[in-house]
Amino acid sequence: MQDQLVSCLAGTQLNLEWDPNPEPDIAGYRVFARDPGEDYNYDNPVWEGQENYCSIYMDDEDEIYLFVVRAFDEDGFESDDSNEV
């Protein structure tokens, strides 16, 4: 999950894509967002799913957001943060 691609469409629609985690028991991914200077809220992902890509709608098109991705496995264990974008 080291290579991320971020593209912006229609101002607040973001498409994120990352390298899939190669471990065989991966159940999915969670994407977290934060404002600069704030902490990530790991209890509240902005997206969760099985794909290694997602589209996220952010409320404020004038705001700067930072993102990380975490993989989780079938037992609920979660990886460390990906590179921040």
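The shown structure was predicted, so the numbers you read here are calculated from the model rather than taken from an experiment. (Residues numbered from 1 in each chain as written. Predicted model: local features only at pLDDT ≥ 70, side-chain atom pairs only at ≥ 80, totals over all residues. Heavy atoms only, no water.)

A short note on the pattern of salt bridges
Next, step 1: Overall, the coordinates contain five salt bridges when judged by the stated rule.
Next, step 2: The residue Asp-81 makes a salt bridge to Arg-70 at a minimum N-O spacing of 2.6 Å. Taken together, the positions of Asp-81 in the segment after strand E6 (66–73) and Arg-70 in strand E6 put the pair 11 residues apart, joining distant regions of the chain.
Next, step 3: We classify Asp-81 as partly exposed; its relative accessible area is 32%.
Next, step 4: Sharing partners across several salt bridges, the network here consists of Arg-30, Glu-48, Arg-70, Glu-78 and Asp-81. (Salt bridge = Lys/Arg side-chain N within 4 Å of Asp/Glu carboxyl O. Helix = DSSP H or I, 4+ residues; strand = E, 2+ residues; numbered from the N terminus. Buried < 20%, exposed > 50% of the residue type's maximum accessible area, 1.4 Å probe, protein only.)

Nothing here speaks to function; it is geometry throughout.
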